[in-house]
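Each chain, written out:
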Amino acid sequence: MIQVIRALALLILIPCVAAAQSAPPDTVEGDTAFVIYNDSPIDFPIFFGLRVPSYDRINGLTVPWGPRLTLGQDVLEAEVTVSYRSNLGKFDPLARFRLAPTVDTWIAGEGGRGTFSNDTWIRSDILNSAASFGVGSDSRNYYRADQVRLSAGRRVDISNGSVEPALGVQLENAWSTGSRTPPPKSPWSVFGKNSDEKMKRPNPAVMRGRISSAFLSSTLDWEKDQVAIQGSARVEAAFDAPAGASDFRQTTLDVRSKFPALLDHSFEFNLHWVGTGNGIAPPQRHAYLGGSGTIATMDLLEQGGDKLFYVSGLYIVPITRIVLPIVGSPYIGLRYAAGAAGIGELPPLVQNITPMIGVRFLRAEYSIDPSSKKTAISIGLSLSP
């Protein structure tokens with residue numbers, strides 16, 4: 001609005017000044033003028049500061065809002081947000097900054113209060129919100145905490161990709177949220193609102209107290225000839241754990257890859273591994289497994305602990321002779337998945353073989369455990385192929 005007013009003022013003033021200072025009749029005076037507009041360093045991104053909301057069985061609707069500060073052409077970025085969580089009735093503050101003294105080097109920090117989960121690898125925020133709201137299937141367990149984190153990293157370009165290692169420290173004070181038994185009150189969903197396995201599914205307790213730790217992490221982004229690999233690794237070493245817990249060492253590895261197969265077929269590979277040493281990690285560092293996002297013949301997040309292994313391979317065959325409006329060509333696929341999670345040690349792996357049929361955004365699956373002969377049918381949202 002300020003820029004518009006300035007422009008209108010210039011349109012009015014420039015002709016008046018030119019008339020008052022007109023050149024002699026026999027001369028021609030050239031006049032050039034330009035205006036440099038400096039955008040405000042403070043803005044309100046996305047929709048007047050409202051960020052992308054999320055939805056789950058613990059927080060209900062989470063709506064973040066806040067301004068952002070940018071200085072020196074992205075040399076410094078900082079923002080302060082407040083997230084309202086409808087089911088908890090809480091307003092959670094969060095402040096973060098990112099300083100990039102050079103193009104490839106950065107220092108970042110953040111601190112605030114929030115609701116956290118170690119199960120975000122199973123589904124993206126968008127898919128988990130849609131599944132929670134639609135069918136009451138929330139594939140995450142949660143805990144509440146105050147967190148402060150400071151890290152420094154550098155992007156390193158490699159052939160056909162990049163890696164981005166980082167080193168940092170974190171202070172966390174955690175406590176339990178939700179209910180250890182089916183709660184009398186839960187967020188609304190189209191289906192599954194009153195189910196003890198859906199929106200009223202209990203949330204495991206964590207060990208109240210502070211964890212002070214150092215961490216080393218890295219990401220990988222690589223692509224060549226339609227072969228894409230994305231990965232992340234993090235090693236956390238605790239040096240101040242809650243009373244009764246050990247100063248654990250925990251490694252988390254996540255790898256996702258997609259590449260072409262025969263003809264126009266494709267293959268997707270996923271690996272998620274959590275390993276813990278030097279004792280057992282407290283429950284706020286446990287990861288969970290089970291349900292349609294991982295092992296469909298297991299109950300939703302049936303297994304959990306400070307050790308987890310999950311691997312899956314998905315072979316996709318598109319049916320290109322059929323083209324449907326909006327969703328395009330349907331496809332058929334076959335997935336093999338195996339996984340287990342436990343405290344201190346891994347139980348025997350549970351395997352699933354899953355034939356499927358789908359279109360863009362929607363997929364139907366039939367899973368079978370070859371060992372126990374358990375089966376499961378699931379129909380849900382999908383962002384691939």
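Just above, that's the structure.
Each residue is numbered by its place in its chain's sequence as written, counting from 1. With the structure being a predicted model, the display of local features is reserved for residues of pLDDT at least 70 and the display and counting of side-chain atom pairs for 80 or more, all residues being used for whole-chain, interface and lining totals. Here the side-chain values reflect all heavy atoms present in the structure, with hydrogen atoms and water set aside.

Quick notes on the overall build of the protein
Phase 1 of the analysis: Secondary structure elements follow DSSP: runs of H or I no shorter than four residues count as helices, runs of E no shorter than two count as strands, and numbering proceeds from the N terminus. Helices and strands together make up the secondary structure of the protein, namely three helices and 21 strands.
Phase 2 of the analysis: The cut-offs for exposure are 20% and 50% of the maximum accessible area for each residue type, with area from a 1.4 Å probe on protein chains only; residues under the lower value are buried, those over the upper are exposed, and the others partly exposed. Expressed as a percentage of the 385 residues in the protein, the buried residues total 37%.
Phase 3 of the analysis: Pairs at least 24 apart in sequence give 55% of the contacts found in the protein among residues at least 6 apart. Two residues qualify as a contact provided that any one of their heavy atoms is within 4.5 Å of a heavy atom in the partner residue.

Quick look at the side chain of Asn352
Phase 1 of the analysis: Along the chain, the position of Asn352 falls in strand E19 (residues 350–359).
Phase 2 of the analysis: For Asn352, a relative accessible area of 1% puts it in the buried group.
Phase 3 of the analysis: A polar contact is formed between the side chain of Asn352 and the backbone nitrogen of Ala296, at a distance of 3.0 Å.
Phase 4 of the analysis: Residues adjacent in sequence count toward polar contacts only when both atoms are side-chain atoms; beyond that, a polar contact is any pair of N or O atoms within 3.5 Å, and within protein one must be able to donate a hydrogen and the other to accept it. In this structure the side chain of Asn352 is engaged in a polar contact, spanning 2.8 Å, whose partner is the side chain of Thr297.
Phase 5 of the analysis: Apart from the residues within four sequence positions on either side, Asn352 is in contact with Ile295, Ala296, Thr297, Arg335, Tyr336, Ala337, Ser367, Ile368 and Asp369.

What to know about the pattern of salt bridges
Phase 1 of the analysis: Criterion for a salt bridge: a side-chain nitrogen of Lys or Arg within 4 Å of a carboxyl oxygen of Asp or Glu. Under the criterion given, the structure shown has 18 salt bridges.
Phase 2 of the analysis: Between Arg144 and Asp92 there is a salt bridge; the shortest N-O distance is 2.5 Å. You can see Arg144 sitting in strand E8 (residues 143–154) and its partner Asp92 sitting in strand E6 (residues 90–102), a full 52 residues away along the chain.
Phase 3 of the analysis: The class of Arg144 is buried, set by a relative accessible area of 5%.
Phase 4 of the analysis: When its relative accessible area of 1% is taken as the criterion, Asp92 is described as buried.

Re the nonpolar core
Side chains of nonpolar character tend, in soluble globular proteins, to be buried together.
Phase 1 of the analysis: Nonpolar cores were defined as sets of buried Ala, Val, Leu, Ile, Met, Phe, Trp, Tyr and Cys residues, with membership established by side-chain atoms within 4.5 Å. Among the nonpolar cores identified, the biggest contains 15 residues, and Trp121, Leu289, Ile295, Leu301, Leu308 and Tyr310 are the most heavily contacted of them.
Phase 2 of the analysis: Taken together, the elements giving at least two residues each to this core come down to strand E15 (287–289), strand E17 (307–318) and strand E18 (331–342).
Phase 3 of the analysis: Per-element tally for this core: the top contributor is E15, with three residues.
Phase 4 of the analysis: The residues touching Trp121, leaving out its near neighbours within four places in the chain, are Asp254, Arg256, His272, Tyr288, Leu289, Thr294, Leu308 and Tyr310.

Let's talk about a negative patch on the surface
Phase 1 of the analysis: Here a patch means residues that are over 30% exposed by relative accessible area and free of salt bridges, tied together within 9 Å if like-charged and within 5 Å if nonpolar (Val, Leu, Ile, Met, Phe, Trp, Tyr). Where accessible areas are quoted, they stem from the Shrake-Rupley method and a 1.4 Å probe; at the residue level, only the protein chains shown are allowed to cover. Counted charges follow a simple rule, with Lys and Arg positive, Asp and Glu negative, and His plus the chain ends left uncounted. To locate a charge, take atom NZ for lysine, CZ for arginine, CG for aspartate or CD for glutamate. Side chains of Asp196, Glu197, Asp299 and Glu302 sit close together on the surface and give a patch of like negative charge.
Phase 2 of the analysis: Summarising the element assignment, Glu197 is placed in the loop between strand E10 (161–175) and strand E11 (209–224).

Focus on the packing of aromatic side chains
Phase 1 of the analysis: The pairing test for Phe, Tyr and Trp rings, Trp by its six-membered ring, is centres within 6.5 Å, and the orientation test on the planes gives stacked under 30 degrees, edge-to-face over 60, and tilted for anything in between. With the rule as written, the count across this model stands at eight aromatic pairs.
Phase 2 of the analysis: Their ring planes at 75° and their centres at 5.0 Å tell us that Phe47 and Phe48 sit as a pair that is edge-to-face.
Phase 3 of the analysis: Arranged with centres 5.7 Å apart and planes meeting at 50°, the rings of Trp121 and Tyr310 form a pair that is tilted. Taken together, the residues span a long stretch of sequence, with Trp121 in the loop between strand E7 (105–116) and helix H3 (125–135) and Tyr310 in strand E17 at a distance of 189 residues.
Phase 4 of the analysis: We classify Trp121 as buried; its relative accessible area is 11%.
Phase 5 of the analysis: Taking relative accessible area as the criterion, Tyr310 reaches 5% and is therefore assigned buried.
Phase 6 of the analysis: Lying over the aromatic face of Phe215, Arg234 brings its terminal NZ or CZ to 4.3 Å of the ring centre. Put simply, a charge is over a ring when the Lys NZ or the Arg CZ is close to the ring centre, within 6 Å, and near the line of the ring normal, within 35 degrees.

Looking at the pairing of E18
As a general feature of sheets, a regular strand has side chains that alternate between the two faces.
Phase 1 of the analysis: Here E18 lies mainly inside the structure; nine of its twelve residues are buried.
Phase 2 of the analysis: The pairing of E18 with E19 spans nine bridges and is classified as antiparallel. Residue pairing across strands places Ala338 opposite Gln351, the latter belonging to E19. Being paired, for any two strands, means DSSP has found at least two bridges between them.

Regarding the environment of Thr354
Phase 1 of the analysis: Looking at where Thr354 falls in the secondary structure, it is placed in strand E19.
Phase 2 of the analysis: In this structure Thr354 comes out as buried when scored by relative accessible area, which is 2%.
Phase 3 of the analysis: In this structure the C-alpha to C-alpha distance between Thr354 and Thr375, which are 21 residues apart in sequence, comes to 9.5 Å.
Phase 4 of the analysis: Aside from chain neighbours lying at most four places away, what touches Thr354 is Gly333, Leu334, Arg335, Glu365, Tyr366 and Ser367.
Phase 5 of the analysis: Within the structure, the side chain of Thr354 is placed 2.7 Å from the side chain of Ser367, a separation counted as a polar contact.

Re a nonpolar patch on the surface
Phase 1 of the analysis: Where nonpolar side chains cluster on the molecular surface, the patch consists of Ile42, Phe44, Ile46, Phe47, Phe48, Leu50, Val52 and Trp65 and spans about 880 Å² of accessible area.
Phase 2 of the analysis: In terms of residue count, helix H2 (residues 45–48) provides more of the nonpolar patch than any other element does, three residues in total.
Phase 3 of the analysis: The residue Phe47 is located in helix H2 in this model.
Phase 4 of the analysis: Phe47 sits in the exposed class, given a relative accessible area of 51%.

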